[in-house]
Every structure is written in structure tokens, then in C-alpha cells.
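Okay, here's what each chain looks like letter by letter:
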Amino acid sequence: MKKMHFTDRYLLNPRHPVTVFVIGAGGTGSQVITNLARMSMALQALDHPGLHVTVFDPDTVSQANIGRQLFSETELGLNKAVSLVTRINRFFGYAWTAEPQCFPTRNFSGESTANIIITCTDNIRSRLTLWKFLKKVRKENFSDHSAPIYWMDFGNSQTKGQVIIGTVREKVLQPSSQEYIPMPKMNVITEEVDYAKIKEKESGPSCSLAEALEKQDLFINSTLAHIGCDLLWKMFKEGKTLYRGVYVNLDTLKMTAIPV
């Protein structure tokens, strides 16, 4: 029998819109946020309350961002999170929230959280800090419907990347099944990768689009964003998933699914 993870029941039939934190509104984040806006509209059409998204990013829009990220000349110098959320709220009629700062903050005791955390950052330290915070929250608010349930992480190099979704809760309640082997836990990215053995290299900001494309190719971010959001969409729509992520290689045009 195949292994299957059944989506946490609260996300399928919540009393309020499912809360989502997107951390990072750059190359991948700007694409993910736009996809989530479409997903929320589709969920509402299926009599689901949809999503309420909060976007965190302290950075401002630069000339190098225009073209590879979803920003325009008119947004130069504006905060990325504020620009994206303002645009989406106007287009879709939402009331999503922008936070022009990192998450979690340095003093993150007592901060509110969301049902789904999505990271689209480009450094290791942010993931380690977030995981430390999520483990602390898990101990304090396990039964709270505002507590995090899943963490989806996007990461990429110039032409390769991966997206992985895992359970913040140590176990997500699973139904009995005679067809599948229910899997109550899926590893998050920090449980998959030993970041202590990886040397983080700060590439620094790019001064132009041409320079930025030497670091990350034009469509790697949007490709990962579409695949990752499709995985999340199916977890809502179908209530289950055989896969917890995917590896993408644009050089070979190969996509390798990561089974539950």
C-alpha cells in the first residue's frame, strides 16, 4: 500500500479563513503570494472560507527586482510586502496584511502565528531561527486552531530547486484507511537537511536584472511557486497527498517528486 498524508481536518472545514504567513516576497515569494490569492478565490467558490495571508519582508523594491520578480517601475523604493499585498487587496478585494519586517522578530516570545507557514527566503539562518520558534510554539499552543500545522519551504540555486512541506505538529490526526498507510508526520526542511554542515554564502544584492539572472534564472522561482502551490491546493481540494515536495532541475527539464 502507498503512504498517504491526510490533510489536517481543521484546514478542510475551518470556521474562519485559514491563516497563512509568507516569509519573503522576492523572486519566489512574489509568485507564491499571487498564486495564494487565486487559490483563496477558488476555495471560496467551493464553499470554503478561503485564506487570510500575512506577508513579511523588510526589503524594498530595487531596479534589479523588476522583470524577475513581480514588481514594476512605479514600486521602486517601496517595501516589497506592502506593494504586493496592496496590489492583491485592490485586485481581489481582500484584506490581507503586510508586515515590512522579518518573522520571527528577535524578541519573538508571544508572537501570533498562522496555520500554514511558507518560507521563500534565501538564507539558512532564517530557517533555523524559524524552526526554533515553531518548536517553542508547538509546545505552548498544540491544540489552538491558530497554531501552525504545516511549514512549506522553497529553496533554489540558479536552475535547480526544491519545495518541501512538513508538519509542525508532531502528529496530524489521520483517519483509518484500508487503501493507504496514513502518515501523521512529514519532515520539515530543517529535519531533512543538516544546515550545520552547510556554509552559508552571502551573495549580496544585485545591481541589475542581468546580474540577478546570473544567480537565479528567469523561471526557476515561478516554476517552483506553481508546483508548490499546486501541491498545497490539492491538499485542500482532495484532502490528502501522496507527495510532500519535489525537486526541480530546469537544465534537464526533470521534476522528481518526494513521496510522503
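Preceding block: the structure.
Owing to the predicted nature of the structure, the values given are computational and were not obtained by experimental measurement.

A. Here's a closer look at the overall build of the protein. Of regular secondary structure, the protein possesses seven helices and eleven strands. Taken over 260 residues, the protein has a buried fraction of 48%. Of the contacts made within the protein by residues no fewer than 6 positions apart, 69% connect residues no fewer than 24 positions apart. Element-wise, carbon and sulfur atoms account for 53% of the exposed surface of the protein, whose accessible area totals about 13,400 Å².

B. Structural detail: the packing of helix H2 (residues 29–45) against helix H7 (residues 220–237). At a minimum axis separation of 9 Å, H2 and H7 run at an interaxial angle of 25°. If you check the angle between H2 and H7, you find them roughly parallel. H2 and H7 meet at a crossing whose hand is right-handed. Within the contact between the two elements, H2 uses Gln31, Val32, Asn35, Leu36, Arg38, Met39, Ala42 and Leu43 and H7 uses Ser222, Ala225, His226, Cys229, Leu232, Trp233 and Phe236. Partitioning the contact of H2 with H7 into residue classes produces ten nonpolar, four polar and one charged.

C. Seen up close, the pattern of salt bridges. As enumerated under the stated definition, the model contains six salt bridges in all. The salt bridge partner of Glu75 is Arg87, with a shortest N-O separation of 2.8 Å. On the criterion of sequence distance, the pair formed by Glu75 in the loop between strand E3 (51–56) and helix H3 (80–92) and Arg87 in helix H3 is long-range, its members being twelve residues apart. Overall, the relative accessible area of 9% leaves Glu75 in the buried class.

D. Up close: the pairing of strand E7 (residues 160–167). Judged by how many residues are buried, E7 sits mostly within the fold: six of eight residues are covered. The pairing of strand E6 (residues 150–156) with E7 spans seven bridges and is classified as antiparallel. Paired with Trp151 across the bridge in E7 is Gly166. Turn length for the E6-E7 hairpin, with the two strands adjacent in sequence and antiparallel, is three residues. Where E7 meets strand E10 (residues 243–249), five bridges bridge the pair, whose relative direction is antiparallel. Paired with Lys160 across the strands is Asn249, a residue of E10.

E. Region of the structure containing the packing of aromatic side chains. For the structure on display, the rule yields eight aromatic pairs. Taking 5.0 Å as the distance between ring centres and 65° as the angle between the ring planes, the aromatic pair formed by Phe91 and Phe92 counts as edge-to-face. On the basis of relative accessible area, Phe91 is assigned to the exposed category, the value being 68%.

F. Quick look at the side chain of Arg244. Checked against the element boundaries, Arg244 lands in strand E10. A polar side-chain atom of Arg244 sits 3.2 Å from the main-chain carbonyl oxygen of Pro259.

G. Representation of the sheet that holds strand E9 (residues 240–241). Reading across from one edge, E8-E1-E9 is the order of the three strands in this open sheet, with mixed pairing throughout. Looking at strand neighbours, the two that pair on one side only are strand E8 (180–182) and E9, the edges of this open sheet. Of the strand pairs in this sheet, strand E1 (residues 2–6) and E9 are connected by two bridges, and their pairing is antiparallel. Bridging from a neighbouring strand, Phe6 pairs with Lys240 of E9.

H. Up close: the packing of H2 against H3. It is at 11 Å that the axes of H2 and H3 come closest, and there the two elements cross at 25°. Here H3 runs roughly parallel to H2, going by the angle between their axes. In this structure, H2 crosses over H3, and the sense of that crossing is right-handed. Residues Ser30, Ile33, Thr34, Ala37, Arg38 and Met41 of H2 form the contact with H3, whose own contacting residues are Leu84, Ile88 and Phe92. Class assignment of the residues belonging to the contact of H2 with H3 gives a composition of six nonpolar, two polar and one charged.

Reading the values: rules and limits
- Residues numbered from 1 in each chain as written.
- Predicted model: local features only at pLDDT ≥ 70, side-chain atom pairs only at ≥ 80, totals over all residues.
- Heavy atoms only, no water.
- Helix = DSSP H or I, 4+ residues; strand = E, 2+ residues; numbered from the N terminus.
- Buried < 20%, exposed > 50% of the residue type's maximum accessible area, 1.4 Å probe, protein only.
- Contact = heavy atoms within 4.5 Å.
- Areas by Shrake-Rupley, 256 points an atom, 1.4 Å probe, with all protein chains shown as cover.
- Axes fitted to C-alpha atoms, helices over the stretch in contact; angles between N-to-C directions.
- Parallel < 35°, antiparallel > 145°, perpendicular 65-115°, else oblique.
- Left-handed = near helix turned anticlockwise from the far one by under 90°.
- Nonpolar A, V, L, I, M, F, W, Y, C, P; charged D, E, K, R; others polar.
- Salt bridge = Lys/Arg side-chain N within 4 Å of Asp/Glu carboxyl O.
- Pairing = 2+ DSSP bridges.
- Phe/Tyr/Trp six-rings, centres within 6.5 Å; stacked < 30°, edge-to-face > 60°.
- Polar contact = N/O pair within 3.5 Å; in protein donor to acceptor, adjacent residues only side chain to side chain.

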